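Residue-level structure breakdown
Here are the chains, one letter per residue:
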Amino acid sequence: MHKLLPICILIFLSGCTVSNYTFMKPKGEDGIAVTDGCGQIPLVFKHSYTKADYKVMLTNNSLYFSLSVPQGSSINWLDTTMTLSTPSFNGTFNIDALIKDTKVKTYCSGLGVFNCKKYDFYYLWVDSEKVTNQKQINITPPTPIINGDKVPVSEIQFKKTTEHLLQSINC
């Protein structure tokens, strides 16, 4: 007990807490599960592609696609369909065009204003009651084409899981 007290005090002072979270964790061949924002829950699947960030996130009743590309890039879908399979449903959905955010995002590395790059941000929400209250969902997302290059995508498996995660208290 006397060894546990300093650990608890350190966690309290750091502004973090360990909690149990139940969420749909993504897994696939062409990417990794990542956090988005300040939360520590790996809800987002980020495809492995060096020229852009292509992310897919599953929410309670929808899918969210986001694409961050160098400013001025040409963006299209290779195919406008997405495959979705759950224990009770197998099918495809037609996907609309990506919506371009009006703001250009600037990311700098190194010493502040040096080595800054500007990125256009695209996104799309796809609502579907088929993803609500599922234990496992497999998705083959649409494939984006950026400046003529096809982004490698694979099937993503979202599986309900419970994990102990260290989460910031002020997030």
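A quick note: this is a predicted structure, and the numbers were derived from the prediction, not measured.

**A look at the overall build of the protein chain**
Within the protein chain one finds one helix and 15 strands. The proportion of buried residues among the 171 residues of the protein chain is 33%. Excluding contacts between residues fewer than 6 apart, the proportion of contacts in the protein chain whose partners are at least 24 apart in sequence is 60%. By element, 54% of the accessible surface of the protein chain is carried by carbon and sulfur atoms, the whole surface being about 10600 Å².

**Comments concerning the confidence of the model for the protein chain**
When the pLDDT values of the protein chain are averaged, the result is 85; 85% of them are 70 or greater. Across the protein chain, strand β12 (residues 136–140) holds the top mean pLDDT of 94, while helix α1 (residues 4–14) sits lowest at 61.

**Here we look at the pattern of salt bridges**
Going through the model one piece at a time under the given rule, you end up with five salt bridges. In this structure, the salt-bridge partner of K25 is E163, at a minimum N-O distance of 2.9 Å. Of this pair, K25 sits in strand β1 (residues 16–28) while E163 sits in strand β15 (residues 156–168), and the two are 138 residues apart along the sequence.

**Considerations on the packing of aromatic side chains**
With the rule as written, the count across this model stands at five aromatic pairs. Ring geometry for Y64 versus W125: centroids 4.4 Å apart, planes at 40 degrees, classification tilted. Taken together, the residues span a long stretch of sequence, with Y64 in strand β5 (residues 62–70) and W125 in strand β11 (residues 116–127) at a distance of 61 residues. For W125, a relative accessible area of 45% corresponds to the partly exposed category. Seen from their ring centres, F89 and F93 are 6.0 Å apart, and the 40 degrees between their planes marks the pair as tilted. Taken together, Y54, F65 and W77 form an aromatic cluster joined through their ring pairs. Here the guanidinium or amino end of K105 rests over the ring plane of F121, the centre of that ring lying 5.1 Å away.

Calculation criteria
Residues numbered from 1 in each chain as written. Predicted model: local features only at pLDDT ≥ 70, side-chain atom pairs only at ≥ 80, totals over all residues. Heavy atoms only, no water. Helix = DSSP H or I, 4+ residues; strand = E, 2+ residues; numbered from the N terminus. Buried < 20%, exposed > 50% of the residue type's maximum accessible area, 1.4 Å probe, protein only. Contact = heavy atoms within 4.5 Å. Areas by Shrake-Rupley, 256 points an atom, 1.4 Å probe, with all protein chains shown as cover. pLDDT = per-residue confidence, 0-100. Salt bridge = Lys/Arg side-chain N within 4 Å of Asp/Glu carboxyl O. Phe/Tyr/Trp six-rings, centres within 6.5 Å; stacked < 30°, edge-to-face > 60°. Lys NZ or Arg CZ within 6 Å of the ring centre and 35° of its normal.

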